[in-house]
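One letter stands for each residue in the lines below.
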Amino acid sequence: MAGSDPTSAKATVDMLVAAARQAREHAFSDFSGFKVGAALETDSGEVITGCNIENATYGLTICAERVAIFKALSEGKRAFKRIAVVADTREPTPPCGACRQIIWEFCGDVDVIIANLTEIKMTLRMKDLLPLPFDKRLLRR
Ligand code: THU
């Protein structure tokens, strides 16, 4: 079965990172000069990508991770396996706080693969990136 075989799991992670690197090329990053790409894998193995999109107001910037997630949600995708994030940094570039909230709420405790242009730096679970999250469980009375 695909997914239980460690060889195919690695191939999928490498493909996801490659997709994030490619998506990064589309970044609108004129203001920061910092390009980011993301690739989100659905439970059925589809890959939806995103890049950061900045604009002249600065404040309306949206990160690559949220672009990928909102694209996927808007196409009716609802269940996700993992997300890869790529930036051209030597230190790992993790998702910002806003993205952690959105990844947690819409993707759950997925693997977050952090890579740069040449290597995978680390893989973390969302619950470790966002301990003690606020989410819809708390809205139930
Ligand atoms: N950015 C992302 O797209 N994802 C991250 O994980 C970190 C930051 C973007 C936002 C902004 O366009 C630029 O990187 C600099 O903060």
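Residues numbered from 1 in each chain as written. Predicted model: local features only at pLDDT ≥ 70, side-chain atom pairs only at ≥ 80, totals over all residues. Heavy atoms only, no water.

Once that is clear, we can look at the nonpolar core. Within the largest apolar cluster, 23 residues are counted, with the highest numbers of intra-cluster contacts made by Leu40, Ile69, Ile103, Cys107, Val112 and Met126. Going through the elements one at a time, strand E1 (36-42), helix H2 (64-74), strand E3 (80-87), helix H3 (97-107), strand E4 (111-115) and helix H4 (126-129) are the ones with two or more residues in this core. It is H2 that provides the largest number of residues to this core, a total of five residues. In contact with Met126, other than residues within four places in its own chain, are Arg100, Ile103, Trp104, Gly108, Asp109, Val110 and Val112. Leu16, Ala20, Val86 and Ala115 belong to the second largest nonpolar core, which has 10 residues in total. (Core = buried A, V, L, I, M, F, W, Y, C linked by side-chain atoms within 4.5 Å. Buried < 20%, exposed > 50% of the residue type's maximum accessible area, 1.4 Å probe, protein only. Helix = DSSP H or I, 4+ residues; strand = E, 2+ residues; numbered from the N terminus. Contact = heavy atoms within 4.5 Å.)

For the rest of this paragraph, the subject is the site of the ligand. Close contacts around the ligand come from Ser32, Phe34, Val36, Asn52, Glu54, Thr61, Cys63, Ala64, Glu65, Pro94, Pro95 and Cys96, and that covers them all. Here an oxygen atom of the ligand sits 2.5 Å away from a polar atom, N or O, in the side chain of Glu54. Relative to its free-state accessible area of 380 Å², the ligand is covered by the protein chains to the extent of 80%. Here the shell around the ligand is composed, by residue class, of seven nonpolar, three polar and two charged. (Near = heavy atom within 4 Å. Polar contact = N/O pair within 3.5 Å; in protein donor to acceptor, adjacent residues only side chain to side chain. Areas by Shrake-Rupley, 256 points an atom, 1.4 Å probe, with all protein chains shown as cover. Nonpolar A, V, L, I, M, F, W, Y, C, P; charged D, E, K, R; others polar.)

Take the sheet that holds strand E2 (residues 47-51) next. Across the sheet, five strands lie side by side as E2-E1-E3-E4-E5; this open sheet has mixed pairing. In the strand order of this sheet, the two ends are held by E2 and strand E5 (120-125), each with one partner. When strand polarity is set aside, the average angle formed by the axes of neighbouring strands in this sheet is 15 degrees. Of the strand pairs in this sheet, E1 and E3 are connected by seven bridges, and their pairing is antiparallel. By the bridge assignment, Leu40 is partnered in E3 with Ile83. Of the strands in this sheet, E1, E2, E3, E4 and E5 touch helix H1 (residues 6-24), which is tilted by about 45 degrees from E3. (Pairing = 2+ DSSP bridges. Axes fitted to C-alpha atoms, helices over the stretch in contact; angles between N-to-C directions.)

The next subject is the pairing of E5. Along any regular strand the residues' side chains alternate between the sheet's two faces. Relative to E5, E4 runs antiparallel, the two sharing five bridges. Looking at E5, one finds that Ala115 is bridged to Ile120. Here E4 folds back onto E5 in antiparallel fashion, the turn holding four residues.

Any functional reading would require information that these geometric values do not contain.
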